[in-house]
Amino acid sequence: MVYSHILVSLLVLTAALLCCNTHGAEATTKIGNGYRLISIQDSPDGGLVGHLQVKEKNNVYGPDISLLKLSVKHETNGRLRVHITDAKKQRWEVPYNLLPRAQPPILKQTITRSIKPTILSQDTSKADLIFSYTQDPFSFAVTRKSNGQTLFNSSTSFSNLVFKDQYLEISTTLPKDASLYGLGENTQPHGIKLSPNEPYTLYTTDISAINLNTDLYGSHPVYMDLRNVGGEAKAHAVLLLNSNGMDVVYSGTSLTYKVIGGVLDFYFFSGPTPLDVVDQYTEFVGRPAAMPYWSLGFHQCRWGYHNLSVVEDVVDNYKKAQIPLDVIWNDDDHMDFHKDFTLNPIAYPHEKLVAFLDKIHSQGMKYIVLIDPGINVNSTYGVYQRGMADDVFIKYHGKPYLAQVWPGAVYFPDFLNPKTVSWWGDEIKRFHELVPVDGLWIDMNEASNFCSGLCTIPEGIKCPSVTGPGWDCCLDCKNITDTRWDNPPYKINASGMGETIGFKTIATSATHYNGVREYDAHSIYGFSQAIATHKALEGLQGKRPFILTRSTFVGSGHYAAHWTGDNKGTWEDLRYSISTVLNFGIFGVPMVGSDICGFYPAPTEELCNRWIEVGAFYPFSRDHANYYSPRQELYQWESVAESARNALGMRYKLLPYLYTLTYEAHISGAPIARPLFFSFPDYTMCYGISTQFLIGSSLMISPVLEPNKTKVDALFPPGTWYNMFDMSEAIVSEKGQYVSLDAPLHVINLHVYQNAIIPMQQGGMISKEARTTPFSLVVTFPAGATEGKATGNLFLDEDELPEMKLGNGFSTHVEFYATVSQGKVKVWSNVQEPKFASDKGWIIEKVTVLGLKGVKDTFALEVDDTAVDVSSLDITTTGNDDLNGGSAIRKSKMVVIKGLKLAVGKKFAMCWKLGGEN
């Protein structure tokens, strides 16, 4: 939802340009004088452990911590950890129970003043990362063993290591040709590649996504670094695991962290490919959550479905328009005066809502509702009563901290408290027994507060007022600036305007369970809520949970999907959405999308056409609009309905491919939507491309992102690309090039790369229906190939079981292979766990092979070494072999074999000779 931060969006844009105005003293004042290493030794866990002593104290941003503990360890062959903290006193870290990981070794109190060799390389292992250090002043470097490149080097001429109670600083030098990605969540106007000298502030904040270069809903202090040296690309990533607010200053040749608390807990991931990096990263932070099949269908939501009959009409109108729809959502319209876990008895009467859900559930459709974390302070409200009885709320000086959100005065549950997790699970269970929802949408969990400071409920005033916009603060509040937690010595660029860190959120001097300060735990609030919600849903009916969360942190993808928040219905926001979606794939949150057609205000008809053509290929595809905007369901304009039928029609045919990608994400972290450089890391032309993207490794979307355009200039990396809507059309890009593509209003350019096998079905109006249709395979060889290979795979399972894996008796994995060699084409499969697919009776009915040369119009066919009566099949060849000529767009030979009955659950081998005879 949107609230008053939208009103200051223009101020944010202006303030972003002035982000350094509160930090100007740093240019002339030395913040710290660095540390010297006074001891280092082998640790029991196989790493190094040592002590750092401050060289000369100063008091800028507070006194230096005099003695630090350093620990270094290769945790895996692909992961190196460098941990620096106070040697004498425990400091705040991301809780180990929320993000499980190894504890650093405990040092003896006595300091052994011995210095070991300056390098930790684990030469006997496969680790590609080498740690080295300089003793005085202390600095460290991480280099790549395989090519000698320095990946991180804290020895700089402009910055020493600084470690104070509320200010930590460390820098690294970077080569000019390093391409960096990540450090979010923010809306990056220049695309996915980080731009030097723009502000990167990490602190979870309820500011709409229309605001550029601003700390938004999530905090992900990780970046991927891609470098091409001598034509060979290698990628690595750096994570600073720290939940405190921070500014990250990127100059192009250096990167500096300025953090207001916690510890320096660095993790280096060696790659060397982008996919390897995300694999290593999600191995550490948690693999992406398993997703139910239906979640890949199309979703419709609106804030402002005033009653159930409106929702029923929406569902009916999608059917009438023949636009696929799997999931219908309610924002907060179903609630009784915005209170969680309630129903409006007039607009959403219980009996009628349950009858509606019975109807759509019988058809395979799903229903999801929103819940906010704020619990209304209301003595007649059972959720509040039970929460007070269980003492589950965040405190300020021993009393629940008072805030305001949609229902008025609220308390915020403390999800760091085990009692809160149990209470929250019980409330979800109670609500599910009332309304059998299929997933939950946790919103406003940065946490958002319409007020700032310490508040009380005013007497004699209705709060919120019935006539106001709902997001004006109506509590009696006073600012809290007398504590170092509410007014820290260093001011991060919060809200893009250098606001106090307690602005429109929980006061940072409030306390959680065991005395944890909101100052430290602020950015993990949504993360902790997602964990509690996932645990609760896991316990319901044994189904796979689906959670959509707005606020995210490192590891959130292990529990939830994400959408990019409150965007605008503008061409710029359509373009920005691609970068944010791609970033979240790098962050380990692959199930991500943006509000299609924009959250507010009204999009133009042309923009909504173009947006659904992009949004149909977001991993999470949902239309969502604002209460105050006109209706924008896809059937509201006939032209948009036509574009939706085209784009979503293709999405629903590709559901087997998309679902297989969710499985790959779940087992390896591989993003569903990917930047082009994931598949073409050696092709530097694609390093900054943010106007096109890949789905998996082989499908490329090249959308129109500007008004009044009927052509799009798209970059095609080297190789052959086939048009998925006209498979006889090939783009032959020998060295990589831009190609001008026709793109009339209802056309989305979607191309599949050579050497791929794409599993598809026939589509339908709902994923449950689409799943029952016969399969087809699209096999792509390089255009004119006489020698070539292609591969693909398919994962199928009982998609609402909690676990997404092989070996449970309810899943099948198929590997597809194809070759053309010595005048012979062969397509075959290997099957793991065949029983599930066999029991479902799934068959492959059609195989389409692209790119062959020398194919005759008729030919003999063998399946499993047995000749097939081709008269029972429909075999067609189209296109031609003339692939020469100056144009990149060419016609290619296409062979389509229909009428097959190849069992998905049984391995097969099909072959024929190009000359026509077997």
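Residues numbered from 1 in each chain as written. Predicted model: local features only at pLDDT ≥ 70, side-chain atom pairs only at ≥ 80, totals over all residues. Heavy atoms only, no water.

This part covers the state of the cysteines. Counted under the stated rule, the structure contains four disulfides. Note that cysteine 455 is cross-linked by a disulfide to cysteine 477, the S-S spacing being 2.1 Å. Disulfide cysteine 455 to cysteine 477: torsion about the S-S bond roughly 105 degrees, handedness right-handed. Of the two residues, cysteine 455 is situated in strand S27 (residues 454-456) and cysteine 477 in strand S28 (residues 476-478); the sequence distance between them amounts to 22 residues. Using a relative accessible area of 7% as the deciding quantity, one classes cysteine 455 as buried. The residue that forms a disulfide with cysteine 463 is cysteine 474, at a sulfur-sulfur distance of 1.9 Å. Note on the cysteine 463 and cysteine 474 pair: the S-S dihedral is about 75 degrees, so by sign convention the disulfide is right-handed. Of this pair, cysteine 463 sits in the loop between S27 and S28 while cysteine 474 is found in the loop between S27 and S28, placing the two residues eleven residues apart along the sequence. For the chain, numbering the cysteines in disulfides from first to last along the sequence yields the connectivity 1-4, 2-6, 3-5, 7-8. Free of any disulfide, cysteine 301 has its nearest neighbouring cysteine sulfur in cysteine 597, separated by 13 Å. (Disulfide = S-S within 2.5 Å. Helix = DSSP H or I, 4+ residues; strand = E, 2+ residues; numbered from the N terminus. Buried < 20%, exposed > 50% of the residue type's maximum accessible area, 1.4 Å probe, protein only.)

With that out of the way, let us pick up the sheet that holds strand S29 (residues 547-549). The parallel open sheet is built from nine strands, whose spatial order is S31-S30-S29-S26-S20-S19-S18-S33-S32. Strand pairing shows two members of the sheet lacking a second neighbour, strand S31 (592-593) and strand S32 (595-596), which therefore form its edges. The pairing of strand S19 (residues 327-330) with strand S20 (residues 366-371) spans four bridges and is parallel. Along S20, the bridge assignment pairs tryptophan 329 with isoleucine 368. (Pairing = 2+ DSSP bridges.)

The N-to-C vectors of helix H10 (residues 605-615) and helix H11 (residues 638-653) enclose an angle of 5 degrees; their axes lie 8 Å apart at closest approach. For the element pair H10 / H11, the angle class is roughly parallel. Each of Glu605, Cys608, Asn609, Ile612, Glu613 and Gly615 in H10 lies in contact with H11, whose residues at this interface are Ser639, Val640, Ser643, Ala644, Ala647, Leu648 and Arg651. Per-class residue counts for the contact of H10 with H11 are six nonpolar, four polar and three charged. (Axes fitted to C-alpha atoms, helices over the stretch in contact; angles between N-to-C directions. Parallel < 35°, antiparallel > 145°, perpendicular 65-115°, else oblique. Contact = heavy atoms within 4.5 Å. Nonpolar A, V, L, I, M, F, W, Y, C, P; charged D, E, K, R; others polar.)

The next point concerns the nonpolar core. Counting residues in hydrophobic clusters, the biggest one holds 207 residues, and the most contacted among them are Leu239, Phe617, Leu634, Leu654 and Ile695. When sequence neighbours within four positions are dropped, the list of residues in contact with phenylalanine 617 reads Ala647, Met650, Arg651, Leu654, Phe693, Ile695, Ile701, Ile748 and Leu750. (Core = buried A, V, L, I, M, F, W, Y, C linked by side-chain atoms within 4.5 Å.)

As a further point, take the pairing of strand S43 (residues 775-785). By the criterion of burial, S43 is predominantly enclosed, with eight of the eleven residues buried. Pairing between strand S42 (residues 756-760) and S43: five bridges, direction antiparallel. Residue isoleucine 758 lies in a different strand from S43, and its bridge partner there is valine 778. Across seven bridges, S43 lies against strand S47 (residues 843-852) in parallel orientation. The residue bridging alanine 785 from the neighbouring strand is leucine 852, located in S47.

Turning our eyes to something else, we now look at the pattern of salt bridges. Taken as a whole and judged by the stated rule, the model has 34 salt bridges. Among the ionic pairs, aspartate 128 bridges to arginine 144, the shortest N-O distance being 3.2 Å. Note that aspartate 128 is positioned in the loop between strand S5 (119-120) and strand S6 (129-134) and arginine 144 in strand S7 (residues 139-144), a separation of 16 residues in sequence. The class for aspartate 128 is buried, based on a relative accessible area of 15%. Its relative accessible area of 2% is what places arginine 144 among the buried residues. Linked by salt bridges that have partners in common, Glu75, Arg79, Arg81 and Asp265 make up one network. (Salt bridge = Lys/Arg side-chain N within 4 Å of Asp/Glu carboxyl O.)

Here aspartate 64 shows up in the loop between strand S2 (48-54) and strand S3 (67-76). Owing to a relative accessible area of 5%, aspartate 64 belongs among the buried residues under this scheme.

Another point: helix H4 (residues 350-363). Helix length check: H4 (14 residues) gives 20 Å between terminal C-alpha atoms against 20 Å at 1.5 Å per residue, within 8%. Residues Leu353, Phe356, Leu357 and Ile360 constitute the buried set of H4. Axial view of H4: buried residues confined to an arc of 100 degrees, hence all on one face. Opposite the buried face of H4, at more than 90 degrees from it, the exposed residues are Glu351 and Ser362. Looking at the packing, one finds that the buried side of H4 touches helix H3 (308-320), S19 and S20. Among the residues trailing H4, glycine 364 stands out with phi positive, at a value near 100 degrees. (Expected span 1.5 Å × (residues − 1). Arc of directions from axis to C-beta.)

Turning our eyes to something else, we now look at the environment of glycine 271. Tracing the sequence through the fold places glycine 271 in the loop between strand S17 (264-269) and helix H2 (274-285). Separated by 124 residues in the primary sequence, glycine 271 and asparagine 147 place their C-alpha atoms 13 Å from one another.

Strands sit in the order S9-S10-S16-S15-S12 across an open sheet of five strands; the sheet is antiparallel. Both outer strands of the open sheet, strand S9 (162-163) and strand S12 (200-202), are each paired with one neighbouring strand and no more.

The linkage connecting aspartate 136 with the following residue, proline 137, adopts the cis geometry, with an omega of -5 degrees. With respect to the element layout, proline 137 can be found in the loop between S6 and S7. Backbone torsion omega between tyrosine 600 and proline 601 reads -25 degrees, so that peptide bond is classified as cis. Looking at where proline 601 falls in the secondary structure, it is placed in the loop between S32 and H10. With a phi angle near 50 degrees, glutamine 822 is a residue other than glycine that sits in the positive phi range. Relative to the helices and strands, glutamine 822 resides in the loop between strand S45 (811-821) and strand S46 (824-832). By relative accessible area, which is 76% here, glutamine 822 ends up exposed.

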